[in-house]
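Topology and contacts: notes
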Amino acid sequence: MAKTILITSGKGGVGKSTVCTMLGSALARQHCRVLMLETDCGLRNLDLMNGLENQVVYDLGDVLLGRCEPAKAILKCPSCEGLDLLPAAGSTRFQIPAGTLSRLISGLRDFYDIILIDCPAGFDDIFDAVMDVSDMGLVVVTPNLISVKDGAKAADLLVQGGIKEGRLLINMVPRRWKPTEALPDFDAIIDMVGLQLIGVVPVDMEMGENLNRGRQVGLYSEGVEVFDNIARRLRGKWVPLRID
Ligand SMILES: Nc1ncnc2c1ncn2[C@@H]1O[C@H](COP(=O)(O)OP(=O)(O)O)[C@@H](O)[C@H]1O
Ligand SMILES: [Mg+2]
């Protein structure tokens, strides 16, 4: 039965889809059967990031409207054996029919070890529906006060929604991050969000550019190593956190 992990942030553009893709492939390399389920309807981009842009025929919208079976819409990612993607609906106007998303996720749990749900920015009905069936919330922030405040809001909502396991991922940390009065160090970010830290991801321009072009990220890149360790921590392994 899959562990379902909701990836959220509040603020857009902080790297949720990047985290979903990189973490998904790291988990699959560690022999987990992984489904990435993209719920950002109209702003689909996991297909592009995973080299599948021209292969989407059916999407989450078709599945939720009963136009096709989930298996028809789920694509196998070329980057890694065991990594699947259910792409979001293409239309911004798509409204998820009540109850259908949580039912779908519950039904898919038997076929995977981990389901990663890439949520839209903000906290709407989709966030609520996904929260109902998630075991863990992964809150992504960047070292920026607005993003951290939004992340704190996300963490509060996860607690209110009854999600017992929450983790914080700090993304896009510049090599020479200049702390500010409001965010003097990583501890300040952890205290504001109030969740256990699972990883710190540096700015990795090569990783970002490769994903934006649907190319595989080189296995020896910095980003890959960081996500391999985050995947191990998610699987309950002890891997020391390097923050420097
Ligand atoms: N660690 C990182 N290093 C470099 N670029 C990144 C990193 N994380 C995200 N990006 C880039 O930031 C932009 C927004 O990321 P994305 O994953 O689409 O955010 P979101 O899903 O939260 O809107 C993309 O261009 C992506 O390539
Ligand atoms: Mg996204």
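It should be noted that the structure appears before, not after, this text.
Read on for a plain summary of the structure. Small disclaimer: the values here were computed from a predicted structure and weren't measured. Sequence positions are assigned chain by chain, starting from 1 and proceeding in written order. Whichever chain is written first becomes A and whichever ligand is written first becomes 1, with later ones labelled in order. Only residues with pLDDT of 70 or above have their local features reported here, since the model is predicted, and side-chain atom pairs are shown and tallied only from 80 upward, although totals for entire chains, interfaces and linings are computed over all residues. Side-chain metrics rest on all non-hydrogen atoms present in the structure, leaving aside hydrogens and water.

In the vicinity of ligand 1, 16 residues are found, and the nearest of them are Gly 13, Lys 16, Thr 18, Asn 171 and Asp 204. One of the backbone nitrogen or oxygen atoms of Gly 15 is found 3.0 Å away from an oxygen atom of ligand 1. Protein chains shield 81% of the accessible area of ligand 1, which is 560 Å² for the free molecule. Of all the secondary structure elements, the ones that give two or more residues to the shell around ligand 1 are α1 (16-29), β7 (165-173), β8 (196-202) and α9 (205-212). Here the shell around ligand 1 is composed, by residue class, of seven nonpolar, seven polar and two charged. Think of it this way: one heavy atom of a residue within 4 Å of a molecule or strand is enough to make that residue near it. Under the rule applied, a polar contact is a pair of N or O atoms within 3.5 Å (in protein, one hydrogen donor and one hydrogen acceptor; residues adjacent in sequence only if both atoms are side-chain atoms). Computed by Shrake-Rupley with a 1.4 Å probe, the accessible areas treat only the displayed protein chains as cover when residues are assessed. Runs of E in the DSSP output that reach at least two residues are strands. Runs of H or I that reach at least four are helices, and both are numbered from the N terminus. Three classes are used: nonpolar for Ala, Val, Leu, Ile, Met, Phe, Trp, Tyr, Cys and Pro, charged for Asp, Glu, Lys and Arg, and polar for all others, with Gly counted as polar.

Let us now look at the environment of Ser 147. Note that Ser 147 resides in helix α7 (residues 145-160). Taking relative accessible area as the criterion, Ser 147 reaches 1% and is therefore assigned buried. For the pair Ser 147 and Gly 13, spaced 134 residues apart in sequence, the C-alpha separation works out to 9.6 Å. Throughout this description, buried means an accessible area under 20% of the type-specific maximum (1.4 Å probe, protein chains only), exposed means over 50%, and partly exposed covers the range between.

Moving on to a negative patch on the surface. On the surface, Asp 124, Asp 125, Asp 128 and Asp 132 cluster together into a negatively charged patch. Its location among the elements puts Asp 124 in the loop between β5 (114-118) and α6 (125-132). Its relative accessible area of 33% is what places Asp 124 among the partly exposed residues. Exposure above 30% relative accessible area and no salt bridge define the residues that can form patches, which grow by joining like charges within 9 Å and nonpolar side chains of Val, Leu, Ile, Met, Phe, Trp and Tyr within 5 Å. By definition, a salt bridge exists where a carboxyl oxygen of Asp or Glu is found within 4 Å of a side-chain nitrogen of Lys or Arg. For the charge count, each Lys or Arg is scored as positive and each Asp or Glu as negative, with His and the chain ends excluded. Here the site of a charge means NZ on Lys, CZ on Arg, CG on Asp, or CD on Glu.

Below, the discussion takes up the pairing of strand β2 (residues 34-38). Summarising burial for β2: five of the five residues are buried, a large majority. Burial of β2 is two-sided: the residues Val 34, Met 36 and Glu 38 facing one way and the residues Leu 35 and Leu 37 facing the other way are all buried. Judged from the five bridges that link them, β2 and β5 form a sheet pairing that is parallel. Residue pairing in the sheet places Val 34 in a bridge with Ile 114 of β5. Any two strands are treated as partners once DSSP identifies two or more bridges connecting them.

We place a 1 Å grid over just the protein atoms. Points where a 1.4 Å probe fits but has no way out form a cavity, open points with protein on both sides within 12 Å along at least 5 of 7 lines form a pocket, and any residue with an atom within 4 Å of a point lines it. Grid points are joined across faces, edges and corners, and a volume is the space filled by probe spheres set on the points. One number sums up the size of the second largest pocket: a volume of about 430 Å³. For the second largest pocket, the lining is made up of 25 residues, of which Gly 13, Gly 15, Thr 18, Met 49 and Met 172 are closest to its centre. Breaking the lining of the second largest pocket down by element, the ones donating at least two residues are α1, β7 and α9. Examining the composition of the lining of the second largest pocket, we find that six residues originate from one element, α9, more than from any other.

Read these as layout, nothing more, since geometry by itself doesn't imply function.
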